[in-house]
Amino acid sequence: MATHGQVITCKAAVAWEPNKPLVIEDVQVAPPQAGEVRVKILFTALCHTDAYTWSGKDPEGLFPCILGHEAAGIVESVGEGVTEVQPGDHVIPCYQAECKECKFCKSGKTNLCGKVRSATGVGVMMNDRKSRFSVNGKPIYHFMGTSTFSQYTVVHDVSVAKIDPTAPLNKVCLLGCGVPTGLGAVWNTAKVEAGSIVAIFGLGTVGLAVAEGAKAAGALRIIGIDIDPKKFDTAKNFGVTEFVNPKDHEKPIQQVLVDLTDGGVDYSFECIGNVSVMRAALECCHKGWGTSVIVGVAASGQEISTRPFQLVTGRVWKGTAFGGFKSRSQVPWLVEKYLKKEIKVDEYITHNLTLAEINRAFDLIHEGGCLRCVLDCQV
Ligand SMILES: NC(=O)C1=CN([C@@H]2O[C@H](COP(=O)(O)OP(=O)(O)OC[C@H]3O[C@@H](n4cnc5c(N)ncnc54)[C@H](O)[C@@H]3O)[C@@H](O)[C@H]2O)C=CC1
Ligand SMILES: N[C@@H](CCC(=O)N[C@@H](CSC=O)C(=O)NCC(=O)O)C(=O)O
Ligand SMILES: [Zn+2]
Ligand SMILES: [Zn+2]
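For the structure given in this document, a descriptive report is provided here. Everything numeric in this text was worked out from a predicted model, so none of it was measured.

1. Remarks on the packing of helix 5 (residues 178-190) against helix 6 (residues 205-216)
It is the contact of helix 5 with helix 6, at a shortest axis distance of 7 Å, that shows an interaxial angle of 40°. The angle between helix 5 and helix 6 falls in the class oblique. With respect to the hand of their crossing, helix 5 and helix 6 are arranged in right-handed fashion. Of helix 6, the residues touching helix 5 (which contributes Gly178, Val179, Thr181, Gly182, Leu183, Ala185, Val186 and Trp187) are Thr205, Val206, Ala209, Val210, Glu212, Gly213, Ala214 and Ala216.

Encoded structure:
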């Protein structure tokens, strides 16, 4: 390969400072070191979490950095000791690693992996605790171990899932974050049973994927809660059976839901990142067994609270990262499910732009009419 072992100069969207427009720069991407993989990113989508870190509210947010974590691409080259992928493989970068060897991976209790987390949380690679990105010699931090707002990125080998090469990369890039998170929150974290009553707070991509997962699990009622009434028409197509707008009620939303459901819902999901709504999501659960899953990411300094009596009387409060899916093992399986038309993906894509138009894409995700905007990175 002409580029193997060479520094690649390519376009990337650099976040120089919080909340300042990203700048398309010529970025130098160093070759992968031992245990690393350099990936040509073909398509990346934007997730609300990118906007969250860009806002400066993420305690792990470091600047300048290259954001992005929902993408698909092709392996360009691999570092020493990498055996599970090779140049030409189609892959999805995974912000939640899976090494299959660490205490977490071997526990059978979680999808979290400890192998590279200490590096990905501080924007560097494990091998030398440095970045592979620079602009005119100035290092640029990695983000979530993925940094997909770039034509090329370097990831750890434990953070890349090899997928079916027939899958359309402009669609399955979504399987890097939002869709699996919602489906897995239902299937892996809550384990919703047939006949359940489910409440979903926030009907963005993650909340809609929760609805899709709940419908597939056989939920009887799927109640969508959003302050944007335009969300309901779309939400029906993903399985939401009833819609509640908190703005239409004087009573606290948890009371509205308890009244609507003869004592509370079996399962609730917070898909916004708002700690007041997290409380409401717990408190709308049925006494004795209702389970609430926190999916949304809340800003630095935010804390949740409730009366402990809510838990004493049997409600359960949980959280989920990447929907509890083991990334390298299960992302390929999700891709196959998509190819067999067993899960939706295309339906979440409302906009298509190019990497150069990324600031417009961030505007769109704040405007409400956008679920996922997919960026073509190579034009
Ligand atoms: N735990 C995990 O692994 C993951 C967490 N996330 C987080 O999930 C959350 C949702 O992500 P997206 O669906 O991409 O976001 P989004 O911004 O597209 O959707 C949020 C929805 O919540 C609604 N909303 C806002 N305030 C509300 C309120 N007070 N009451 C009711 N509805 C309200 C909005 O109208 C919107 O429809 C974000 O916090 C994101 O960071 C995303 C992916 C993975
Ligand atoms: N740095 C953030 C962490 C935010 C967070 O919880 N991220 C999720 C994924 S959100 C994807 O869109 C996650 O997987 N968390 C587990 C992890 O190991 O990071 C903060 O501190 O708020
Ligand atoms: Zn995400
Ligand atoms: Zn591990």
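Now that the structure has been shown, we can carry on.
2. With respect to the coordination of the zinc ion (ligand 4)
The coordination sphere of the zinc ion (ligand 4), as far as protein atoms go, consists of Cys99 (SG), Cys102 (SG), Cys105 (SG) and Cys113 (SG), spread over 2.3 to 2.4 Å. Each of the 4 donor atoms around the zinc ion (ligand 4) contributes to a set of angles spanning 105 to 115°, which defines the coordination as tetrahedral. For the zinc ion (ligand 4), the donor residues sit on a single chain with the sequence spacing C-x2-C-x2-C-x7-C. Pair check on accessibility: Cys99 and Cys102 agree, each one buried.

3. As for the sheet that holds strand 6 (residues 133-135)
The antiparallel open sheet is built from 4 strands, whose spatial order is 1-2-6-7. Because the sheet does not close on itself, it has two edges, and the strands there are strand 1 (8-14) and strand 7 (138-140). On average, each strand axis in the sheet is tilted by 45° relative to the strand beside it, whichever way the strands run. Pairing of strand 6 with strand 7, which is carried by 3 bridges, proceeds in the antiparallel orientation. Paired with Ser134 across the two strands is Pro139, which belongs to strand 7.

4. Side note on the site of ligand 2
Around ligand 2 lies a shell of 14 residues, among which Thr49, Tyr52, Asp58, Glu60 and Arg117 are the nearest. Thr49 places a polar side-chain atom, nitrogen or oxygen, 2.6 Å from an oxygen atom of ligand 2. Residue Glu60 places a side-chain N or O atom 2.6 Å away from a nitrogen atom belonging to ligand 2. Looking at side-chain class alone, the shell around ligand 2 contains 8 nonpolar, 3 polar and 3 charged residues.

5. Let's talk about the pattern of salt bridges
Evaluated as defined, the whole model comprises 16 salt bridges. Here Glu242 and Arg221 are joined by a salt bridge, their closest N and O atoms 2.8 Å apart. Of this pair, Glu242 sits in strand 12 (residues 242-244) while Arg221 sits in strand 11 (residues 221-225), and the two are 21 residues apart along the sequence. Judged by its relative accessible area of 21%, Glu242 is partly exposed. Of the charged contacts in the structure, one is a salt bridge between Glu342 and Lys337, with a shortest N-O distance of 3.2 Å. Through salt bridges with shared partners, one network takes in Glu36, Asp128 and Arg132.

Rules and cut-offs
- Residues numbered from 1 in each chain as written.
- Chains lettered and ligands numbered in written order.
- Predicted model: local features only at pLDDT ≥ 70, side-chain atom pairs only at ≥ 80, totals over all residues.
- Heavy atoms only, no water.
- Axes fitted to C-alpha atoms, helices over the stretch in contact; angles between N-to-C directions.
- Helix = DSSP H or I, 4+ residues; strand = E, 2+ residues; numbered from the N terminus.
- Parallel < 35°, antiparallel > 145°, perpendicular 65-115°, else oblique.
- Left-handed = near helix turned anticlockwise from the far one by under 90°.
- Contact = heavy atoms within 4.5 Å.
- Donors = N, O, S within 2.8 Å, 3.2 Å for Na, K, Ca; no water.
- Tetrahedral: all angles 85-135°; square planar, octahedral: opposite > 155°, others 65-115°.
- Buried < 20%, exposed > 50% of the residue type's maximum accessible area, 1.4 Å probe, protein only.
- Pairing = 2+ DSSP bridges.
- Near = heavy atom within 4 Å.
- Polar contact = N/O pair within 3.5 Å; in protein donor to acceptor, adjacent residues only side chain to side chain.
- Nonpolar A, V, L, I, M, F, W, Y, C, P; charged D, E, K, R; others polar.
- Salt bridge = Lys/Arg side-chain N within 4 Å of Asp/Glu carboxyl O.

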